[in-house]
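What the coordinates show
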Number of protein chains: 2
Amino acid sequence: MMMEELIKLVNEKLDEYLEIKYPQTIFESMKYTLSLKGKRLRPVMCLETVRMLGKNLETALPTACAIEMLHVQSLIHDDLPCMDNDDYRRGKPSNHKVFGEAAAVLAGDALLTYAPQTIIEKSTGLTAEQILKIIHEYTKAAGAYGLIGGQIVDIESEKQHFEKDKEETLSYIHIHKTAVLFRLAIKTACIIAATNEETTLELDEFALKFGEAFQIYDDIMDEISTFEEMGKTIGKDKQAEKLTYTTLYGLENAISKCLLLIKECHDIIDKYGSEIFEEILGKIEKRLNTRK
Amino acid sequence: MMMEELIKLVNEKLDEYLEIKYPQTIFESMKYTLSLKGKRLRPVMCLETVRMLGKNLETALPTACAIEMLHVQSLIHDDLPCMDNDDYRRGKPSNHKVFGEAAAVLAGDALLTYAPQTIIEKSTGLTAEQILKIIHEYTKAAGAYGLIGGQIVDIESEKQHFEKDKEETLSYIHIHKTAVLFRLAIKTACIIAATNEETTLELDEFALKFGEAFQIYDDIMDEISTFEEMGKTIGKDKQAEKLTYTTLYGLENAISKCLLLIKECHDIIDKYGSEIFEEILGKIEKRLNTRK
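Residues numbered from 1 in each chain as written. Chains lettered and ligands numbered in written order. Predicted model: local features only at pLDDT ≥ 70, side-chain atom pairs only at ≥ 80, totals over all residues.

1. A closer look at the overall build of chain A
Broken down by element type, chain A carries 15 helices and 2 strands. On C-alpha atoms alone, chain A measures out to a radius of gyration of 18 Å, which is about the 19 Å that the 2.2 N^0.38 rule sets for 292 residues. Expressed along its principal axes, the backbone C-alpha trace of chain A runs to roughly 50 × 50 × 35 Å. (Helix = DSSP H or I, 4+ residues; strand = E, 2+ residues; numbered from the N terminus. Rg over C-alpha atoms; globule rule 2.2 N^0.38 Å.)

Here it is as structure tokens:
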């Protein structure tokens, strides 16, 4: 399957899995941000990994969609006035601008448990042990040891509050706020495909490097991109004196580091012969090389 | 065991299950509200049901504590300025008053997935199928089909927005915002004790009636109680023109209805000979009869 086909499949399933019922407001609020056009990178990487490892990718659809739900919940809460206070997301008004803050908080909460509920209710062809392992990985990635940990350190860094030094703090943010969901996508794919430990570790290394590259790329884009390209407010990091790779090491160093990490990703993944992973890596390289 | 011993056990385990690690702020914020002295009704009822059904209550400790985590997460998010805007909880400043709004949102989020993580990591003597069933019940109770559904309808009722009529709306709120966690406590206890369907249904009926009684009791207390007795701001429902049993049917009708539901609870539970359930029901009856 091509990238576009996988994205279409994810969009269809996200729509199918979440029906609008009573009380309408909450389901509409959940569905609103979930339906905004996104790159669907995390679910696509989960599905492609399962396919690459020789398993039917349909088996992974509930898990892939659950990871997108988790990602979207983090975006909804990130955009809140008490957090990053962003009025736009994926080119449209952010959730709380449309539904109000209370509904945005609750829609995020609801997605956070609807994701594992979807894995439990919609998965087919997996054992109870496999589903339990997937959900365990999900809870570790979503919580204070994962995403939320990264998020709080990110917020505190804005206020120049550091428990550790700046380099360590930045690395912690990248791993926990960003790489964590790519690792989850690929780790759960390995559980679904019942992959051996060696391959799982190798692919986890790939996900970690890709996640770091992706966050640096995002930091670079915050400096050199436009609202039209990114669909969100640009230049906010610098304004908020956020700790990012570009503010700490400078723009040119950031570009070099990102390209180096992408090269290391190639070194791991190329032998699997995945056109989709080549395409994902290629797009980032191309965009950065245009700039250079 | 006596009620006090069960509460002590729950408090000890809640403290043990959640260690403070890096990044400290998030763990301190989670632990702050979790550690506030509460009645621990939901975990106590889960443990007592397991004991009553002849199973070792230790088996249920991770699940019981997870349900309290879910309850506490709902309190933290409920108290936010964009929701009920409450400055006090269990007699102390609410979470966002101590840690700020961003940390309070994130602490709630973190608890929402730390609860199932705890069930997975700390449970002993349960099969993968049992744990998966418990987590499935957890996700249904926590999300848009449960707690969050009740919460959004409750908030909309303040703005006099009703998709259904007032009586139906109030009943929906009581069942989804309040009864849902008592039902979860007792349903998961039945899964742990591998109880037959008939008993499970009977105890679910008890939990539903108790939940409704408890919400009406809470509505009554909001009118006749004090900050000192309840540990939270009193008289807010009337002020916010909230849809409650007392505002819809009047105080005296609310007291009669609550006492009737408690009587129906006795009719179901008395034959199990549980001193703890007798004590819980007795306390509510005594408080309401003092008022009458």
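2. So, the interface of chain A and chain B
Many descriptions give the size of an interface as the accessible area lost when the pieces come together. With 43 residues of chain A at the interface, the matching set in chain B holds 43 residues. At the level of elements, helix 2 (24-35), helix 6 (101-122), helix 7 (128-142) and helix 8 (147-158) of chain A are the ones that each hand at least two residues to the side of chain A that touches chain B. Looking at the side of chain A that touches chain B, its residues break down into 27 nonpolar, 10 polar and 6 charged. (Contact = placed C-beta atoms within 7 Å. Nonpolar A, V, L, I, M, F, W, Y, C, P; charged D, E, K, R; others polar.)

3. Digging into the relation of the copies chain A and chain B
Once chain A is rotated about the relating axis by 180 degrees and shifted along it by 0.0 Å, it coincides with chain B to within an RMSD of 0.0 Å. As the rotation angle and translation indicate, the two copies are arranged about a two-fold axis. When you check the interface residues of chain A against chain B, 100% turn up at the interface there too, and the contact is symmetric in its surfaces. (Least-squares fit on C-alpha atoms with pLDDT ≥ 70 in both.)

4. Here we look at the packing of helix 7 of chain A against helix 7 (residues 128-142) of chain B
Their axes nearest at 9 Å, the elements helix 7 of chain A and helix 7 of chain B cross at an angle of 50 degrees. When the axes of helix 7 of chain A and helix 7 of chain B are compared, the pair comes out oblique. You can see that helix 7 of chain A and helix 7 of chain B cross each other, and the crossing is left-handed. Listed contacts from helix 7 of chain B to Ala128, Glu129, Ile131, Leu132 and Ile135 of chain A of helix 7 of chain A are Ala128, Glu129, Ile131, Leu132 and Ile135 of chain B. In terms of residue class, the contact of helix 7 of chain A with helix 7 of chain B is built from 8 nonpolar, no polar and 2 charged. (Axes fitted to C-alpha atoms, helices over the stretch in contact; angles between N-to-C directions. Parallel < 35°, antiparallel > 145°, perpendicular 65-115°, else oblique. Left-handed = near helix turned anticlockwise from the far one by under 90°.)

5. Some thoughts on unusual backbone geometry
With the exception of glycine, most residues fall at negative phi, and the peptide bonds are largely trans. All names here are of chain A. Looking along the chain, the bond that leaves Tyr22 and enters Pro23 is cis, with omega of -5 degrees. Tracing the backbone through its elements, the reader meets Pro23 in the loop between helix 1 (3-17) and helix 2. At Arg40, a residue that is not glycine, the phi angle is positive and equals roughly 55 degrees. Relative to the assigned elements, Arg40 resides in the loop between helix 2 and helix 3 (41-52). Its 22 C-beta neighbours within 10 Å are what place Arg40 among the buried residues. Phi is positive for Ala194, which is not a glycine, with a value near 50 degrees. Structurally, the position occupied by Ala194 is in the loop between helix 9 (166-192) and helix 10 (197-224). (Buried ≥ 20, exposed ≤ 12 C-beta atoms within 10 Å, placed from the backbone.)

6. Quick notes on the packing of helix 8 of chain A against helix 6 (residues 101-122) of chain B
For the pair helix 8 of chain A and helix 6 of chain B, the least separation of the axes is 10 Å and the interaxial angle reads 170 degrees. When the interaxial angle is binned, helix 8 of chain A and helix 6 of chain B end up roughly antiparallel. In this structure, helix 8 of chain A contributes Ile148, Gln151, Ile152 and Ile155 of chain A to the contact, and helix 6 of chain B contributes Ala102, Ala103, Leu106, Asp109 and Ala110 of chain B. Looking at the contact of helix 8 of chain A with helix 6 of chain B residue by residue, the classes come out as 7 nonpolar, 1 polar and 1 charged.

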